[in-house]
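An overview of the molecular structure
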Amino acid sequence: MSSQTPSELKYARTDEYLRLEGENATIGISDFAQEQLNDIVFVELPEVGAHVAQGEPFGAVESVKAASDLLMPVGGTVTEVNSQLSDEPELLNTSPYDKGWIVKIKVDDPSEANALMDAAAYIEYCKTR
Amino acid sequence: MTESLIYEISSPGRTAVTLPDVGVPEVELPKDLLRKDLDLPEVSELQVMRHFVNLSHLNHSIDTGLYPLGSCTMKYNPKVNEDAARLAGFAYLHPLSDEEGSQGALALMYQLQTWLAELSGFTGASIVPAAGAQGELAGILMIRAYHLDRKDHKRTKILVPDSAHGTNPATVSMAGLQAVELPSDKNGDVDLNALRAALDDSVAGMMITVPSTLGVFDTKIRDVIRMVHEAGGLMYMDGANMNALMGVVKPGELGFDVMHYNLHKTFSTPHGGGGPGCGAVGANEKLVDFLPGPIVEMVEETEDENDAPLYGLKMPVKSIGRLKAFQGNFGMHVRAYTYMRIYGGEGLHEVSRHAVLNANYVRAKLRGVYPMPVDRICGHEFVMSGHFEGVEGIHALDISKRLMDFGIHPPTNYFPLIVPEALLIEPTETEDKATLDNFVEVMKKIAQEAKDDPELLRSAPHTTPVKRVDEVRAAKQLMVCCRPIPDYDQQRTPSGD
């Protein structure tokens, strides 16, 4: 597999990534996830201001193959959503870590990120699937 | 397309019938009842006939070729079913006929209920639900009603394995309960440790498909059932895969409390197009009083063999209620009854034996050609992966599309979700060895082509009337109206009086 897995990010077992910057964070899905899903055709985004606990769904992505829930890697309050995805869901395929970010949140408790995998662990985890 | 839309062959003033002269004075119709937006095609009878017959020729069906669509049991539907359903006494019976005047139909329904219950080891069955999904909903509503009836209000969760049909969690949600996903172990069975961890007094029950959607019989199913029962939950069996079980094992005897049957799968009533179906529900002693109604009961037995018993309709005492107008889709009851009547108990057992044999034959022939993520004796279907070592960029979808070039319907793709690039194959019992051998040869040829000429797969199908469809565009640019939407809206705008 030739997926990109940036080393500065944390990863959930359900393939969301977390870019933690102080008490703010950006969330999206990994390159591995977008490859598995294939062409993404729809993204359901949460409302700004919504509070979602760790592991709870904050949205959904739909591809030509399947629909999947998006689960919060750490609990927090949504401060911004990438509304460009409504018109161009394919950004998740072409630029998962940059233009295809999904939500920005204010993190409840940064220590929740300790439960996530680092890039090396995530790469190993993907190999087992 | 090789066939024009019927609107494209329309020409003004052309009709299929010539109406006689009006024998009464014509009147002006009220203006507000007249519409100009009814865009009906104007065509002759012959044009209509050719149009629809030509369209039907573009279709693939079980009557034209192999249809190994896993989890759907696309078996051949014997035409004698249709003969029976067209008998005037059945076909023209009015649903409001009184019970006395519909004893034949009620006797048939009673017999069908009794056979379905007997075949699966249950106390009773209801044949009212209109389809499998409604049967599922009925079963879960019955479980919910059972707990509420016992004043046990805290049971709000239903456990669902991650290999389940998507309808299972949807059903749970429709019933106002919460679905909790359980992981499978590496053999495709329920992970008992995860089950143990999930069980507490908030669990209302569990929904599980037997054999599982991976096509295998969960070897620990008795443990699963026992554990859920010990925690106070009930067991629901998704009967989609009943074609593997008839005469082999009775779900009621395994310990299941309720299940649904898909008459269009196992019992050869027609599939398709959301048309009338029947998702009968069977229940044991605990749940039989909660069945959806009305069900048919024998009101008066008879000792005299020249005299028929008297049948009547009845709501079970704690019934979850009605799910469908009248008595359900009676035409489907006739077809399923006919099928079961002709085969008999031994015959239905043979049906399941052959379904399992055919699936295992194809599986054994394709081992080593395609990866088998769950490599063990299967039920009536098996799952393999459409992704090869050393062949990048070929997906299950490409293999499926290529199959169409050989006149074979693609198997189920990308389901179950827990198998990457899944191809779920169910040949059914109605296919002979020559057809299965041909399928195997075609699958081997496609595997070879994937290595030698992958473009041939990626651009498939080549021989069908419609070539590779653009699924991304189809999903993103919805056009579900035959007329352009703004035009339609404009004409629908009220005239403003």
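Everything numeric here is computed off the predicted structure, so don't read it as measured data. Counting of residues starts from 1 at the beginning of each chain's written sequence and follows it residue by residue. Working convention: letters from A go to chains and numbers from 1 go to ligands, in the order in which they are written. Under the rules for a predicted model, residues below a pLDDT of 70 receive no local features and side-chain atom pairs below 80 are neither given nor counted, while totals for whole chains, interfaces and linings still include all residues.

Regarding the overall build of chain B
For chain B, the helix and strand inventory stands at 16 helices and 12 strands. For 497 residues, the compact-globule estimate of 2.2 N^0.38 gives 23 Å, and the C-alpha radius of gyration of chain B, at 26 Å, lies within 12% of that figure. Structurally, chain B occupies a C-alpha span of about 75 × 70 × 55 Å along its principal axes. Elements are defined by DSSP. Helices are runs of H or I of four residues or more, strands are runs of E of two residues or more, and each kind is numbered from the N terminus. With the radius of gyration taken over C-alpha atoms, the globule rule is written as 2.2 Å times the number of residues to the power 0.38.

Remarks on the overall build of chain A
For chain A, the helix and strand inventory stands at 4 helices and 9 strands. In chain A, the succession of α and β elements from N to C terminus is β-β-β-α-β-β-β-β-β-α-α-β-α. Its C-alpha atoms give chain A a radius of gyration of 13 Å, within 12% of the compact-globule value 14 Å for 129 residues. Its C-alpha atoms put chain A at 35 × 35 × 20 Å along the principal axes. Counting other C-beta atoms within 10 Å of each residue's C-beta, where C-beta atoms are placed from the backbone, gives the exposure class: buried for 20 or more, exposed for 12 or fewer, partly exposed between. Taking all 129 residues of chain A together, 40% fall into the buried category. Throughout, a residue-residue contact means that the two C-beta atoms, derived from backbone geometry, are no farther apart than 7 Å. Considering only intrachain contacts with a sequence separation of at least 6, the fraction spanning at least 24 residues in chain A is 63%.

Considering the packing of helix H5 (residues 132–149) of chain B against helix H6 (residues 167–174) of chain B
Residues and elements named next belong to chain B. Throughout, an axis means a line fitted to C-alpha atoms (over the contacting stretch in the case of helices), and angles, computed between N-to-C directions, take values from 0 to 180 degrees. Taken N-terminus to C-terminus, the directions of H5 and H6 make an angle of 50°; their axes are 9 Å apart at the nearest point. One finds that H5 runs oblique with respect to H6. By crossing handedness, the relation of H5 to H6 is classed as right-handed. Two secondary-structure elements touch here, H5 through Ala 133, Glu 136, Leu 137 and Ile 140 and H6 through Thr 167, Asn 168, Thr 171, Val 172 and Met 174. Note that Gly is not counted as nonpolar here; it falls among the polar residues with everything else outside the nonpolar set of Ala, Val, Leu, Ile, Met, Phe, Trp, Tyr, Cys and Pro and the charged set of Asp, Glu, Lys and Arg. Here the contact of H5 with H6 is composed, by residue class, of 5 nonpolar, 3 polar and 1 charged. Angular relationships are summarised with four words: roughly parallel below 35 degrees, roughly antiparallel beyond 145, roughly perpendicular across 65 to 115, and oblique for the angles in between. Rotating anticlockwise by less than a right angle from the far helix to the near helix defines a left-handed crossing, while the corresponding clockwise rotation defines a right-handed one.

A word on the domain arrangement of chain B
Residue and element names in this part refer to chain B. Segment limits for the domains were obtained from an automatic or database-derived domain assignment. Domain boundaries in chain B define domain 1 (80–343) and domain 2 (355–476). Taken over C-alpha atoms, the centre of domain 1 sits 31 Å from the centre of domain 2. With 14 residues of domain 1 at the interface, the matching set in domain 2 holds 13 residues. When grouped by side-chain class, the residues that make up the side of domain 1 that touches domain 2 number 5 nonpolar, 8 polar and 1 charged.

Structural notes on unusual backbone geometry
All names here are of chain B. For the peptide bond that leads from Gly 293 to Pro 294, omega is 0°, which places it in the cis range. Cis geometry marks the peptide bond from Ala 460 to Pro 461, where omega comes out at 0°. Within the secondary structure layout, Pro 461 lies in the loop between helix H14 (454–458) and helix H15 (471–476). Within the chain, Thr 428 stands out as a residue other than glycine whose phi angle is a positive 70°. On the secondary structure map, Thr 428 appears in the loop between strand E12 (422–425) and helix H13 (433–452).

Looking at the packing of helix H4 (residues 103–119) of chain B against helix H11 (residues 330–366) of chain B
All names here are of chain B. Direction vectors running N to C along H4 and H11 enclose 50°, while the axes themselves pass 10 Å from each other. Considering their axes alone, H4 and H11 lie oblique with respect to each other. For the crossing formed where H4 meets H11, the hand is left-handed. Within the contact between the two elements, H4 uses Ala 105, Leu 108, Met 109, Gln 111, Leu 112, Trp 115 and Leu 119 and H11 uses Phe 330, His 333, Val 334, Ala 336, Tyr 337, Met 340 and Leu 348. Split by residue class, the contact of H4 with H11 holds 12 nonpolar, 2 polar and no charged.

Some points on the sheet that holds strand E3 (residues 24–29) of chain A
Residue and element names in this part refer to chain A. Two strands form a pair only when DSSP identifies at least two bridges running between them. Across the sheet, 6 strands lie side by side as E1-E2-E3-E9-E8-E5; this open sheet has antiparallel pairing. Looking at the sheet topology across the chains shown, the edges are occupied by strand E1 (10–11) and strand E5 (51–52). Pairing analysis gives 2 bridges linking E1 to strand E2 (residues 16–21), with the strands arranged antiparallel. The residue bridging Tyr 11 from the neighbouring strand is Tyr 17, located in E2.

Side note on the interface of chain B and chain A
Of the residues lining the interface, 6 residues belong to chain B; the matching set on chain A comes to 5 residues. Partitioned by chemical class, the residues of the side of chain B that touches chain A number 4 nonpolar, no polar and 2 charged.

Remarks on the nonpolar core
Remark: nonpolar core denotes a set of buried Ala, Val, Leu, Ile, Met, Phe, Trp, Tyr and Cys residues whose joining runs through C-beta atoms within 7 Å. Within the largest apolar cluster, 114 residues are counted, with the highest numbers of intra-cluster contacts made by Ile 140, Met 142, Ile 158, Tyr 236, Val 258, Ala 336 and Val 383 of chain B. The leading source of residues in this core is H11 of chain B, at 13 residues. Taken domain by domain, the makeup of this core includes at least three residues from each of domain 1 (80–343) and domain 2 (355–476) of chain B. Counting residues in hydrophobic clusters, the runner-up holds 33 residues, among them Ala 25, Ile 27, Phe 32 and Ile 102 of chain A.

Quick look at the environment of Thr 123 of chain B
Here Thr 123 of chain B is to be found in the loop between H4 and strand E1 (124–126). Distance from Thr 123 of chain B to Leu 287 of chain B, taken between C-alpha atoms, is 8.9 Å for residues 164 residues apart in sequence.

So, the environment of Thr 73 of chain B
Inspection of the secondary structure assignment puts Thr 73 of chain B in the loop between helix H1 (45–58) and helix H2 (80–85). Residues in contact with Thr 73 of chain B, not counting those within four places in the same chain, are Asn 243, Lys 265, Thr 266, Glu 426 and Thr 428 of chain B.

A closer look at H13 of chain B
Residue and element names in this part refer to chain B. Helix span, expected: 1.5 Å multiplied by one less than the number of residues in the helix. With 20 residues, H13 extends 28 Å from end C-alpha to end C-alpha; this agrees with the ideal 28 Å at 1.5 Å per step. Those residues of H13 not exposed but buried are Phe 439, Met 443, Ile 446 and Ala 450. The buried residues of H13 occupy one face: seen down the axis, they fall within an arc of 60°. Every exposed residue of H13 that faces more than 90 degrees away from the buried side is listed here: Lys 433, Ala 434, Glu 441, Lys 445, Gln 448, Lys 451 and Asp 452. In this description, one arc is meant: the one made by directions from the helix axis to the C-beta atoms.

Concerning the sheet that holds strand E6 (residues 57–63) of chain A
Residue and element names in this part refer to chain A. Strands sit in the order E4-E6-E7 across an open sheet of 3 strands; the sheet is antiparallel. Two strands in the sheet have a free side with no partner beyond their single neighbour: strand E4 (40–44) and strand E7 (67–71). Each strand of the sheet is rotated relative to its neighbour by a mean of 25°, with strand direction disregarded. Direction of pairing for E4 relative to E6: antiparallel, over a ladder of 4 bridges. In the strand pairing of E6, Ile 40 is matched with Ser 63.

A short note on H4 of chain B
Compared with the 24 Å implied by 1.5 Å per residue over 17 residues, the 24 Å span of H4 of chain B between its first and last C-alpha is a close match. Within the span of H4 of chain B, buried status applies to Ala 105, Leu 106, Leu 108, Met 109, Leu 112, Gln 113, Leu 116, Ala 117 and Leu 119 of chain B.

Things to note about the confidence of the model for chain B
All names here are of chain B. Every residue gets a pLDDT, meaning the predictor's confidence in that residue, from 0 to 100. Chain-level statistics for chain B give a pLDDT mean of 92 and a share of 95% at 70 or above. Of the regions scoring below 50 in pLDDT, residues 491–497 engages in 2 contacts with residues more than four places distant in sequence or in other chains. Scored as a complex, the prediction yields pTM 0.87 and ipTM 0.71.

Quick look at the environment of Met 242 of chain B
Residue and element names in this part refer to chain B. Position of Met 242 among the secondary structure elements: in the loop between strand E5 (234–239) and helix H9 (251–254). Its 27 C-beta neighbours within 10 Å are what place Met 242 among the buried residues. Spatially, the C-alpha atom of Met 242 lies 6.3 Å from that of Thr 266, the residues being 24 residues apart in sequence. When neighbours within four sequence positions are excluded, Met 242 is seen to be in contact with Tyr 261 and Thr 266.

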